[in-house]
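Breakdown of the fold
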Amino acid sequence: PDMPFIFVSGVVGEEFAINALRRGATDYVMKRGLSRLPAAVDRAFAEARERHERVRAEQALRISETSAQLAMETAGLGRWALDPKTLAIDCDPRCRELFGWATDAPITKETLGKSCRAEDRRRVEATLDNALTAANACRITVEFRIGGMGPDAQERWLSLSGRTFFDDGSCSRLIGIVNDITERKQAET
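Note that this is a predicted model, so its numbers are computed, not measured. (Residues numbered from 1 in each chain as written. Predicted model: local features only at pLDDT ≥ 70, side-chain atom pairs only at ≥ 80, totals over all residues. Heavy atoms only, no water.)

**Description of unusual backbone geometry**
To keep things clear, this is the line we draw: Per the convention used, a helix needs a DSSP run of H or I reaching at least four residues, while a strand needs a run of E reaching at least two, with both numbered from the N terminus. Using a 1.4 Å probe on the protein chains alone, a residue whose accessible area is under 20% of its type maximum counts as buried, one over 50% counts as exposed, and one in between counts as partly exposed.
Even without being a glycine, Leu-87 presents a positive backbone phi close to 60 degrees. Secondary-structure assignment places Leu-87 in the loop between β3 (78-82) and β4 (88-91). One non-glycine residue, Asp-168, lies in the positive phi region at around 55 degrees. Since its relative accessible area comes to 84%, Asp-168 is described here as exposed.

Below, the structure written as structure tokens:
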């Protein structure tokens, strides 16, 4: 399949040639049209190079994604992505764990806001709103508290970092990570 194959014949019909193309031949040239052969060879090699480069790029992407996932797992980071149109948040299990969200519950920007302590909620919501309405791609970082309500609920500090992505002049995605920074905040006080 990786080898370019050009079928050259003077006797087969068009139906046979089409079947050969369906089975993996790159092209076919009739003997009476051999002047087409150099162009067919050039195209066959170009397609083979393109296929090879696509396979290499896909492999490099898989390696990069695996490396990033391993780094996030090692660092204890959670991943999240906010859709500006629906305000739905897609997040990985670690992100849900950090916020205390159920594994199957739908998460929205509103859910995230309600998870924050009241004293931090406006700042978090303003940070997200500013990013979603910015004229250009931007980065965000916001630190806030969750939990701490009730007699035995423990307050934790989280750091939410992200970056906007733009298509056609508007924000198409806000993607980022979340990290538990409780120990650092406790050490600062």
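Next comes the rest of the write-up.
**So, the sheet that holds β4**
The line we're drawing: Here, strands pair whenever DSSP counts at least two bridges between them. In this analysis, two residues are considered to be in contact whenever any of their non-hydrogen atoms come within 4.5 Å of each other. Interaxial angles span 0 to 180 degrees and are taken between N-to-C directions of axes, which are lines fitted to C-alpha atoms, for helices over the stretch in contact.
Read across the sheet, 6 strands follow the order β5-β4-β3-β8-β7-β6 without closing on themselves; strand pairing throughout is antiparallel. Every interior strand has two partners, whereas the edge strands, β5 (107-108) and β6 (139-146), have only one. Here strand β7 (residues 156-167) runs beside strand β8 (residues 170-180); their pairing, made up of 10 bridges, is antiparallel. Looking at β8, one finds that Phe-165 is bridged to Arg-173. Sitting on the sheet, helix α5 (residues 118-133) touches β3, β6, β7 and β8, and the angle it makes with β6 is about 160 degrees.

**Description of the environment of Leu-87**
Judged by relative accessible area, which is 33%, Leu-87 ranks as partly exposed. Between the alpha carbons of Leu-87 and Arg-43 there is a distance of 46 Å; along the sequence they are 44 residues apart.

**So, the packing of aromatic side chains**
Put simply, the rule reads: Stacked, edge-to-face and tilted labels apply to pairs of Phe, Tyr and Trp rings (six-membered ring for Trp) whose centres lie within 6.5 Å, assigned for plane angles under 30 degrees, over 60, and everything in between, in that order. Charge over a ring is defined by NZ of Lys or CZ of Arg lying within 6 Å of the ring centre and within 35 degrees of the ring normal.
All chains considered together, the criterion is met by 4 aromatic pairs. Ring geometry for Phe-7 and Phe-16: centres 5.3 Å apart, planes at 55 degrees, overall tilted. A relative accessible area of 42% places Phe-16 in the partly exposed class. Pairwise contacts between aromatic rings join Phe-5, Phe-7 and Phe-16 into one cluster. In this structure, Arg-163 is placed above the aromatic ring of Phe-165, and the distance from its NZ or CZ to the ring centre is 4.4 Å.

**A look at the nonpolar core**
So the rule is basically this: Side-chain atoms within 4.5 Å are what join buried Ala, Val, Leu, Ile, Met, Phe, Trp, Tyr and Cys residues into a set we call a nonpolar core.
One finds Trp-80, Phe-99, Leu-112, Phe-144, Leu-160, Leu-174 and Val-178 to be the most contacted residues of the largest nonpolar core, which totals 24 residues. Not counting the four nearest positions on each side in its chain, Leu-112 is found in contact with Ile-89, Phe-99, Trp-101, Val-124, Leu-128 and Leu-160.

**Re the pattern of salt bridges**
Rule in force here: A pair is scored as a salt bridge if a Lys or Arg side-chain nitrogen falls within 4 Å of a carboxyl oxygen belonging to Asp or Glu.
Tallied over the entire structure, the rule returns 18 salt bridges. A salt bridge links Arg-79 to Asp-90; its shortest N-O distance comes to 3.4 Å. Pair noted here: Arg-79 is in strand β3 and Asp-90 is in strand β4, with a separation of 11 residues, a long-range link. For Arg-79, a relative accessible area of 29% corresponds to the partly exposed category. The class of Asp-90 is partly exposed, set by a relative accessible area of 40%.

**A look at α5**
Worth spelling out the cut-off: One less than the number of residues in a helix, times 1.5 Å, gives the span that helix is expected to have. Working note: the arc is built from the helix axis to C-beta atom directions.
Its 16 residues give α5 an end-to-end C-alpha distance of 23 Å, which sits within 8% of 22 Å, the value for a rise of 1.5 Å per residue. For α5, the set of buried residues is Asp-120, Val-124, Thr-127, Leu-128, Ala-131 and Leu-132. Considered in projection along α5, the buried side chains sweep an arc of 130 degrees and stay on one side of the axis. In α5, those exposed residues whose orientation departs by more than 90 degrees from the buried face are Arg-122, Asn-130 and Thr-133.

**Topic: the pairing of strand β2 (residues 27-30)**
Selection rule: By definition, the crossover connecting two strands over a helix is right-handed if that path, from the first strand to the second, turns clockwise as seen with the strands pointing away from the viewer.
Relative to β2, strand β1 (residues 6-9) runs parallel, the two being bridged by 4 bridges. Residue pairing across strands places Val-8 opposite Val-29, the latter belonging to β2. Handedness of the β1-helix α1 (residues 14-22)-β2 crossover: right-handed.

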